[in-house]
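Fold and geometry: a report
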Amino acid sequence: MNKFFVTTSIPYANAPPHIGHALEFVQADVLARYWRSAGKKVFFLTGADEHGVKIARSAQKAGVTPGKFVNKNTAEFKKLIRLLAISNDDFIRTTDKKRHWPGAQKLWLRLIEAGDIYKKNYKGLYCVGHEAFVTEKDLAGGVCAIHKSKPEVIEEENYFFRLSKYSKIIESRIKNNELRIIPASRKNEILSLLKQGLEDISFSRPSKDLSWGIPVPGDKTHTMYVWCDALSNYITAIDYAEENDKFKKWWPADAQIIGKDILRFHAAIWPGMLLSAGLPLPKEIFVHGFITAGGEKMSKTIGNVADPFGIIKKYGADALRYYLLREIPPAGDGEFTDEKFNERYNADLAKGLGNLFSRVLTLAQKGKISPIENPKFALEIKKTEKILKQLMIDFKFNEALEKIWRLIALGDKYIDAKKPWSLDPNSKEFKKIIGELLSLIAAIGKLLAPFLPETAGKISKHIAGGKIATLFPRLK
RNA sequence: CGCGGGGUAGAGCAGCCUGGUAGCUCGCAAGGCUCAUAACCUUGAGGUCGUUGGUUCAAAUCCAACCCCCGCAACCA
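This section reports on the structure supplied with the text. (Residues numbered from 1 in each chain as written. Chains lettered and ligands numbered in written order. Predicted model: local features only at pLDDT ≥ 70, side-chain atom pairs only at ≥ 80, totals over all residues. Heavy atoms only, no water.)

As for the overall build of chain A
- When helices and strands are counted, chain A shows 17 helices and 18 strands.
- At a minimum sequence separation of 6, the contacts of chain A that also span at least 24 residues come to 76%.
- Entry remark: accessible area of chain A is about 22,000 Å², with carbon and sulfur atoms responsible for 52%.
- A gap of 5 Å separates the mean positions of the 75 positive and 54 negative side-chain charges of chain A. (Helix = DSSP H or I, 4+ residues; strand = E, 2+ residues; numbered from the N terminus. Contact = heavy atoms within 4.5 Å. Areas by Shrake-Rupley, 256 points an atom, 1.4 Å probe, with all protein chains shown as cover. Lys, Arg positive; Asp, Glu negative; His and termini not counted. Charge placed at Lys NZ, Arg CZ, Asp CG, Glu CD.)

A look at the packing of aromatic side chains
- This model, assessed by the stated rule, comprises 26 aromatic pairs.
- What links up through ring pairs into an aromatic cluster is the set F5, F43, Y234, W250, W251 and W270.
- Directly above the ring of Y225 sits R205, whose terminal nitrogen or CZ lies 3.9 Å from the centroid. (Phe/Tyr/Trp six-rings, centres within 6.5 Å; stacked < 30°, edge-to-face > 60°. Lys NZ or Arg CZ within 6 Å of the ring centre and 35° of its normal.)

Here we look at the pattern of salt bridges
- Under the criterion given, the structure shown has 27 salt bridges.
- As a salt-bridge pair, E284 and R180 come within 2.2 Å of each other at their nearest N and O atoms. Of the two residues, E284 is situated in strand 15 (residues 284-288) and R180 in strand 9 (residues 180-182); the sequence distance between them amounts to 104 residues.
- A salt bridge links R186 to E189; its shortest N-O distance comes to 2.6 Å. (Salt bridge = Lys/Arg side-chain N within 4 Å of Asp/Glu carboxyl O.)

Focus on the protein's contact with RNA strand B
- The immediate surroundings of RNA strand B are formed by 37 residues, with H18, K54, D261, G354 and N355 found nearest.
- If you look at RNA strand B and keep only atoms within 4 Å of the protein, 67% of those are sugar or phosphate atoms.
- A distance of 2.9 Å separates a base oxygen of RNA strand B from a polar backbone atom of G354.
- Every element with two or more residues in the surface near RNA strand B is listed here: helix 1 (19-37), helix 13 (338-364) and helix 15 (397-418). (Near = heavy atom within 4 Å. Polar contact = N/O pair within 3.5 Å; in protein donor to acceptor, adjacent residues only side chain to side chain.)

Points about the packing of helix 4 (residues 101-113) against helix 10 (residues 263-276)
- One way to put it is that helix 4 packs onto helix 10 with a least axis distance of 8 Å and a crossing angle of 70°. The angle between the axes of helix 4 and helix 10 places the two elements in the roughly perpendicular class. When helix 4 is examined against helix 10, the residues L107, R110 and L111 are found in contact with a partner set consisting of W270, M273 and S276. (Axes fitted to C-alpha atoms, helices over the stretch in contact; angles between N-to-C directions. Parallel < 35°, antiparallel > 145°, perpendicular 65-115°, else oblique.)

Let's talk about the pairing of strand 14 (residues 255-259)
- Taking burial as the measure, the 5 residues of strand 14 include 5 buried ones, the bulk of the element.
- Here strand 14 shows a buried face lined by A255, I257 and G259 and a second buried face lined by Q256 and I258.
- Alignment of strand 1 (residues 3-8) against strand 14, held across 3 bridges, turns out to be parallel. Residue pairing in the sheet places T8 in a bridge with I257 of strand 14.
- In this structure, strand 14 lies alongside strand 15, joined through 4 bridges in parallel fashion. By the bridge assignment for strand 15, I258 is matched with V287. (Buried < 20%, exposed > 50% of the residue type's maximum accessible area, 1.4 Å probe, protein only. Pairing = 2+ DSSP bridges.)

Below, the structure is given as structure tokens:
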């Protein structure tokens, strides 16, 4: 198929975005841009998860309605997406009653038709301070660790989803790669979980406890729990409610990008729901890690959280994109520190790409020079293109950039060997050498476009205009 | 016996699946160059591959045991 439907997880609009969100957006964006330029029809979806008790409570604390509360946070996410030059085709919000709710409710009804929704008493420990159920983990010596009060045992009736029924089939789909989980370590992780068998999951909450959400169809006393509410965004955005041509064109998703914390939801619960509804499963789930700071987990409490807005403002979107793609192992945890950022920036962007660009354009200004193909360069570029394709299939963004940087080194070596500055700018030889370098840089720019769209634009613009420009000023 | 990730040059990492001269980036040293953002190019120094034992002609790589570090409550991907 010549289409590519890529999704990010939809961030929870309970807090403003941080650098981890930026990572996921950028990874998905590179895929979208790459496959778009490779000629595929691409649909790139992202959005916001805006329901739930937590948001309702945060809104109350802030003294605003939940609607206003999520509007504010979602606006921040949209701002980050815009500033990062993310090329998403759509943005779905779970509070969207027109676009999202009908599809979510339809999905629920399909699960009922399949006989997979049933009512069951749910017994749990209710903490008055939390105004919610707590688990054993929240307790310390039999009392709530935060509120120091003894929780009550409460029984309530909830809807359940018969996830257990699909345990075996999900396991086999993942095992035989009909549903590819990347990297392999995550695949193994989920398989070991599936081996133990999945349990049915609570699928609703009484409306009195959770009113900020989507009502269960035909039962006003219950509200959908997060599973049917949020996971369904991947299909509601492409008109699952209508099941029209748009839906048929795009579903199943070709790649779903998620973080390691929500692997279970996407590789077990979500496939279970799709199977129950008689829908195909996504083809691939790519799982990225977390960004740490100085070996420690980023935490608002510790205060070592890197702020994506500040970085973009200071160094530009492409500098942040480059760091996230080059320095963070795509499928593993990675570090973000100012020192590392400066090092990467100076070594690769300023002294590498920027400097080569600058020295070639300076020389090119000495005469009217147009790009000329060099067979050796052309061969290397072609090789790089080929390797790049496989690396994109494997989600290895860091290696892809490393390969492109080899072409930059090639350019530097060529200049050094040919010493064009010692030649007469009007000589044929000079024009040939610089022309070849111009065409190499143009090719590098083209290869970089999915990763650093703004820089790629600058490169082609300045080559055409013959003007010298500083792509990335060196940091002190 | 909870689960998972990791321990390879001063730092950060790759290599391990599919054993066979230990590689990359940064940093450091020497030389070259002067077109360029004090940038670029070349060469070099630096490693008992966590420990111990096993398999093998051969182990960073396979097997076993052990030691150490980091995640697995919340904000949060």
